[in-house]
Amino acid sequence: MALAQADVLAGLAEIVNDETGIATEAVQLDKHFTNDLDIDSISMMTIVVNCEDKFGVKIPDEEVKNLETVGDAVNFIVSAS
Amino acid sequence: MSRPELKQYELNKYSRIYSLGAARGELVVTNDDVAGPIDSSDEWIRQRTGIITRRRAGKDTSMMDLAVAAAKEAIANAGIQPSEIEAVVFNTITHPYLTPSAATLLAELVGANPAAAYDVSAACAGYCYGIAQADALVRSGVAKFVLVVAAEKLSDIIDPTDRSISFLLGDGAGAAIVGPSDTPGISPTVWGSDGSHWDAVSMTGSLLDFRDGKTSWPTLRQEGQTVFRWAVWEMAKVAKKALEVAGIEAKDLAALVTHQANIRIIDEMVKQLALPDSVAVARDIINTGNTSAASVPLAMHELLRTGEVKSGGYALQIGFGAGLAFAAQVVVLP
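Residues numbered from 1 in each chain as written. Chains lettered and ligands numbered in written order. Predicted model: local features only at pLDDT ≥ 70, side-chain atom pairs only at ≥ 80, totals over all residues.

### Structural notes on the overall build of chain B
Within chain B, the regular secondary structure consists of 10 helices and 14 strands. Its C-alpha atoms give chain B principal-axis dimensions of roughly 75 × 50 × 40 Å. Put simply, chain B has 334 residues, and 51% of those count as buried. Partitioning the intrachain contacts of chain B with sequence separation of at least 6 by distance along the chain shows that 79% fall at a separation of at least 24. (Helix = DSSP H or I, 4+ residues; strand = E, 2+ residues; numbered from the N terminus. Buried ≥ 20, exposed ≤ 12 C-beta atoms within 10 Å, placed from the backbone. Contact = placed C-beta atoms within 7 Å.)

Structural data, given as structure tokens:
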């Protein structure tokens, strides 16, 4: 059964906070990982791997570049779950 | 009619690393020196890679010059004569001749002629591949003393405008003498490859493409995210396996010496391995940059030189890179 969008967003926000120190409430669906949150490619990969662990999904390397916004990531995880 | 039975090599039970040698390029290249062409800054490079300076060799210093310097130090510190070396294993991706090998010339230049001599192409895993082979050669009785050298002049294959890897790279050489031992000195090696990511770290073109005018001088490139994921999470599994087959735990280590690719790979691996604070972690990348095959012996040499670790302790060493290829083993520090 697919995970709920709100749960994924909350979980992702915690992971982003752990990796970067960015406040969880700043991690919103419309935020761009690079332009708004200033997350670099290496931190992004750490976030991706931690999301895989937390949500039990597989996020292939070639998919990571398509995850430009928090919403992109949340939607991908929800649809893959 | 009876015939005599064949003789085979008599086995040695154990091997160990007797000594190390190191040589770095003579130029200290700062982040400001490389930031311009990649539209970057000292701060950006420090944050993302940990590098403050990288060492590079000048135009008149060759990869072989660095290799000879490192090898001579290792031979002198081992307390053996170069004529006692029976095999030379040379790990490099920057020997500028397809043939003959770098190893035979090195053997000649350090006084080890007529040792068996050959090159290994395993990129950043090269030194650990070399130690695995030296261990096997010594314990199988094929060679009494083996000179393992890892040398790179990566500045020959960089593109100053490349943002993926060029600005990380440095030039240097590390060397080790491996020989017989009364006690265990080199654990089983956990090694392998993953050719499904053959092009994750690769050249921009082949020499044939260059000859035919289809590409400019080939330089090194990497797919940073793919490599980062593999280098941390897959290599952490390899490192754990290396501890397991060595029969020790992380707390028994004196040092962790990973390939010096990026400080964030090193830091993340430390986290994955849950290393106690008592383990010294090599971070030679800060001052030397990424020297591919040479980075593990250079980093271990530096830990010993600065007194951060002492001879006799256990060090987990792990190399990983283009191929993709990887190798890890626990060694007793020389």
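Next comes the rest of the write-up.
### Section: the overall build of chain A
When helices and strands are counted, chain A shows 4 helices and 0 strands. Starting at the N terminus and ending at the C terminus, chain A contains elements arranged as α-α-α-α. Against the 2.2 N^0.38 benchmark of 12 Å for 81 residues, chain A shows a C-alpha radius of gyration of 11 Å, consistent with a compact globule. Along the first, second and third principal axes, the C-alpha set of chain A runs to 30 × 25 × 20 Å. (Rg over C-alpha atoms; globule rule 2.2 N^0.38 Å.)

### So, the interface of chain A and chain B
When the parts come together, some accessible area is lost, and that loss is often what is quoted as the size of the interface. With 8 residues of chain A at the contact, the number on the chain B side is 9 residues. If you list the elements that add at least two residues to the side of chain A that touches chain B, you get α2 (41–55) and α3 (61–64) of chain A. In terms of residue count, the dominant contributor to the side of chain A that touches chain B is α2(A) (5 residues). Of the residues in the side of chain A that touches chain B, the class split is 4 nonpolar, 2 polar and 2 charged. (Nonpolar A, V, L, I, M, F, W, Y, C, P; charged D, E, K, R; others polar.)

### Some points on the packing of helix α1 (residues 5–20) of chain A against helix α4 (residues 70–80) of chain A
All names here are of chain A. In the contact formed by α1 and α4, the axes pass within 9 Å of each other and the chain directions differ by 120°. Relative to α4, the element α1 is oriented oblique. Helix-helix and strand crossings are classified by hand; for α1 and α4 the assignment is right-handed. Within the contact between the two elements, α1 uses Q5, V8, L9 and L12 and α4 uses V70, A73, V74, I77 and V78. Per-class residue counts for the contact of α1 with α4 are 8 nonpolar, 1 polar and no charged. (Axes fitted to C-alpha atoms, helices over the stretch in contact; angles between N-to-C directions. Parallel < 35°, antiparallel > 145°, perpendicular 65-115°, else oblique. Left-handed = near helix turned anticlockwise from the far one by under 90°.)

### Observations concerning the sheet that holds strand β7 (residues 171–181) of chain B
Residue and element names in this part refer to chain B. The sheet built from 5 strands is open, its strands ordered β1-β7-β6-β4-β5 with mixed pairing. At either end of the open sheet lies a strand with only one pairing partner, and these are β1 (14–24) and β5 (116–120). For this sheet the average axis-to-axis angle between neighbouring strands, irrespective of direction, equals 15°. By the bridge criterion, 10 bridges tie β1 to β7 in an arrangement that is antiparallel. By the bridge assignment, S19 is partnered in β7 with I177. Here helix α3 (residues 63–78) sits on the sheet and contacts β1, β6 (145–153) and β7; the angle it forms with β1, its principal contact strand, is near 135°. (Pairing = 2+ DSSP bridges.)

### Let's talk about the confidence of the model for chain B
The predicted structure's coordinates, where accompanied by low pLDDT, should not be read in detail. Here chain B shows a mean pLDDT of 96. Residues at 70 or above account for 100%. Model confidence for the complex is summarised by a pTM of 0.92, with the ipTM given as 0.79. (pLDDT = per-residue confidence, 0-100.)

### Re helix α8 (residues 263–273) of chain B
Three or more residues of α8(B) are buried, namely B:R264, B:I265, B:I266, B:E268, B:M269 and B:L273. The inward-facing, buried residues of α8(B) abut α2 of chain A together with α7 (224–246), β11 (255–258) and β12 (280–281) of chain B. Positive backbone phi, at 50°, marks B:A274, one or two positions downstream of α8(B).

### Description of the sheet that holds strand β14 (residues 325–332) of chain B
All names here are of chain B. Pairing in this open sheet of 5 strands is mixed, and the strands run β8-β14-β13-β11-β12 from one edge to the other. Looking at the sheet topology across the chains shown, the edges are occupied by β8 (190–193) and β12. One ladder, built from 8 bridges, connects strand β13 (residues 314–321) with β14; its direction is antiparallel. Across the sheet, residue Q317 finds its bridge partner in β14, namely Q329.

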